[in-house]
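Coordinate analysis (summary)
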Amino acid sequence: MTGSAQEKAKIELRNVRKSFGAVNVIHGLDLTIEGGEFVVFVGPSGCGKSTLLRMIAGLEDVTSGDILIAGRDVTDLDPSRRGIAMVFQSYALYPHMNVRENLSFGLEMAKTPRDEIDRQVQAAAQILKIEPLLERRPGQLSGGQRQRVAIGRAIVRKPLAFLFDEPLSNLDAELRVSMRIEIARLHRELGNTMIYVTHDQTEAMTLSDRIVVLKDGVIEQVGTPREVYEDPNNLFVAGFIGSPRMNFMDAVCLSGNRIGVGDAVIVPPQPLSGMSEGDHVKLGIRPEHLTVGDRGEGALRVKVDFSEYLGSTRYLYCYLSSGEMVTVEQRDGRDFSPGEEAWLSCTAECLRLFSADGLRLRPAVLDAGAAQ
Ligand SMILES: Nc1ncnc2c1ncn2[C@@H]1O[C@H](COP(=O)(O)OP(=O)(O)OP(=O)(O)O)[C@@H](O)[C@H]1O
Ligand SMILES: [Mg+2]
């Protein structure tokens, strides 16, 4: 059951569009998922994640464009013939069947020989550690165990790829963590291509080889967790990836590659392209990159509104004189009382700047390279 070349199916979306009546939901989307890759779709509610997954599975028609799985055009193919298994948030188990019967059902329908069914069910139960539960009915299982059975039902079909639509969102926090680790292990053991939709930042960051950030049916960025976190293409991705979110402040370009934020003047490590004196820009700094320190030219003066003590960290929620709110994540350091003044600083490498229309302003040298 370890991933053979055939099991590691590449999935290609070519100019895929989807409309429900007059409403366009997916706008000409191109994406290639390599065989064996674990890709996570994230984006705000209603951006089209489930629709995209359902189109890949064949549960939803494509308005235009092509979908290829393992090099084969499956755009008009029946879901049962695509070699895809999908796991949903609702486990959709048959309540009157025990776990063994739930796992066997699809194979029986496909007229698989009995001994082969038994072998498959046994193998899946072993992988998911549900062997002691095979004779129980879904009503006698916990949420996590039910979700394991639902994943088991997908495994026995030996699919080319797995599609998961928020499979853990019905579980409590502790169970989510252990199931997340199970899914990572499953991917390592099976090696199949997996696409996973989630709202959970931690799941997206920890499970994926690459994250696809979607907004209103358009891909905003595709990259490794590190790329989308550290090198966001735009204001949307910068604000969406990371929790607590990146702080954004109104800033203005001054002469000599300097940026004015309120009373403070900061200097990015390299000159940025696409910036002229007097331009209004957005400065982005992640909460963990701000440190509380001394007053200085590059330091931002804030008033602490309140602080949250979380044991390993403390969040300070502060206001700039402009009224903008800034969150600081402190690993150590002293507590502040409401209304107290503090000075925040950040190393130049951690600053991210965005144009007024939300595009990332990158170092001029890099831009020249990319344009060649
Ligand atoms: N059958 C349908 N008919 C009409 N509109 C639909 C249909 N299914 C989905 N939509 C619309 O398409 C858009 C995308 O829906 P989709 O379910 O793909 O979003 P999502 O990203 O999965 O959101 P969530 O995170 O809330 O699950 C939404 O605006 C939704 O209202
Ligand atoms: Mg959805």
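Read on for an overview of the structure. (Residues numbered from 1 in each chain as written. Chains lettered and ligands numbered in written order. Predicted model: local features only at pLDDT ≥ 70, side-chain atom pairs only at ≥ 80, totals over all residues. Heavy atoms only, no water.)

What follows concerns the overall build of the protein. Counting its secondary structure elements, the protein contains 9 helices and 21 strands. Each principal axis of the C-alpha atoms in the protein carries an extent, and together these give about 75 × 50 × 40 Å. The buried share of the protein, reckoned over its 372 residues, is 48%. The long-range share in the protein, meaning contacts at least 24 apart out of those at least 6 apart in sequence, stands at 66%. (Helix = DSSP H or I, 4+ residues; strand = E, 2+ residues; numbered from the N terminus. Buried < 20%, exposed > 50% of the residue type's maximum accessible area, 1.4 Å probe, protein only. Contact = heavy atoms within 4.5 Å.)

By nearness alone, every residue bordering ligand 1 is listed as Phe-20, Val-25, Ser-45, Gly-46, Cys-47, Gly-48, Lys-49, Ser-50, Thr-51, Glu-166 and His-199. For ligand 1, an oxygen atom lies 2.8 Å from a polar atom in the side chain of Ser-50. Here an oxygen atom of ligand 1 sits 2.5 Å away from a polar atom, N or O, in the side chain of Thr-51. Calculation on ligand 1 without its partners gives an accessible area of 640 Å², and the protein chains cover 57% of this total. (Near = heavy atom within 4 Å. Polar contact = N/O pair within 3.5 Å; in protein donor to acceptor, adjacent residues only side chain to side chain. Areas by Shrake-Rupley, 256 points an atom, 1.4 Å probe, with all protein chains shown as cover.)

As enumerated under the stated definition, the model contains 20 salt bridges in all. As a salt-bridge pair, Glu-37 and Arg-210 come within 2.5 Å of each other at their nearest N and O atoms. Of this pair, Glu-37 sits in the loop between strand 2 (23-33) and strand 3 (38-42) while Arg-210 is found in strand 9 (residues 210-215), placing the two residues 173 residues apart along the sequence. A salt bridge links Arg-226 to Glu-230, with the nearest nitrogen and oxygen atoms 3.1 Å apart. Of the two residues, Arg-226 and Glu-230 both sit in helix 7 (residues 225-230), 4 residues apart, roughly one turn of that helix. On the accessibility criterion, Arg-226 (59% relative accessible area) is exposed. (Salt bridge = Lys/Arg side-chain N within 4 Å of Asp/Glu carboxyl O.)

This part covers the side chain of Lys-18. Relative to the helices and strands, Lys-18 is located in strand 1 (residues 11-20). The class for Lys-18 is buried, based on a relative accessible area of 6%. Apart from residues lying up to four places away in sequence, Lys-18 is in contact with Val-23, Asn-24, Val-25, Ile-26, Thr-51, Met-55, Glu-60, Asp-61 and Thr-63.

With that out of the way, let us pick up a negative patch on the surface. A surface patch of like charges, here negative, comprises Asp-61, Asp-66, Asp-73 and Asp-76. Mapped onto the elements of the fold, Asp-76 is located in the loop between strand 5 (72-73) and strand 6 (84-87). Judged by relative accessible area, which is 78%, Asp-76 ranks as exposed. (Patch = residues over 30% accessible without salt bridge, like charges linked within 9 Å, V, L, I, M, F, W, Y side chains within 5 Å. Lys, Arg positive; Asp, Glu negative; His and termini not counted. Charge placed at Lys NZ, Arg CZ, Asp CG, Glu CD.)

The sheet built from 6 strands is open, its strands ordered 13-12-11-14-20-21 with antiparallel pairing. Taken across any chain shown, the strands that pair with only one partner, and hence form the sheet edges, are strand 13 (264-266) and strand 21 (360-361). The pairing of strand 14 (residues 280-285) with strand 20 (residues 352-354) spans 3 bridges and is classified as antiparallel. Bridged to Leu-283 within strand 20 is Leu-353. (Pairing = 2+ DSSP bridges.)

This part takes up the nonpolar core. Core analysis: the biggest nonpolar cluster contains 43 residues, and Ile-130, Ile-151, Ile-155, Phe-162, Leu-186 and Tyr-196 have the highest contact counts within it. Sort the elements by how many residues they give to this core and helix 3 (residues 114-128) lands first, with 6 residues. (Core = buried A, V, L, I, M, F, W, Y, C linked by side-chain atoms within 4.5 Å.)

Right, let's talk about the sheet that holds strand 1 for a bit. Pairing in this open sheet of 4 strands is antiparallel, and the strands run 2-1-4-5 from one edge to the other. The strands lining the two open edges of the sheet, one partner per strand, are strand 2 and strand 5. Taken together, the 5 bridges between strand 1 and strand 4 (residues 64-69) define a ladder with antiparallel strand orientation. The residue of strand 4 that forms the bridge with Arg-14 is Asp-66. Across the sheet, helix 1 (residues 49-57) lies against strand 1, strand 2 and strand 4, angled at about 120 degrees from strand 1, the strand it touches most. (Axes fitted to C-alpha atoms, helices over the stretch in contact; angles between N-to-C directions.)

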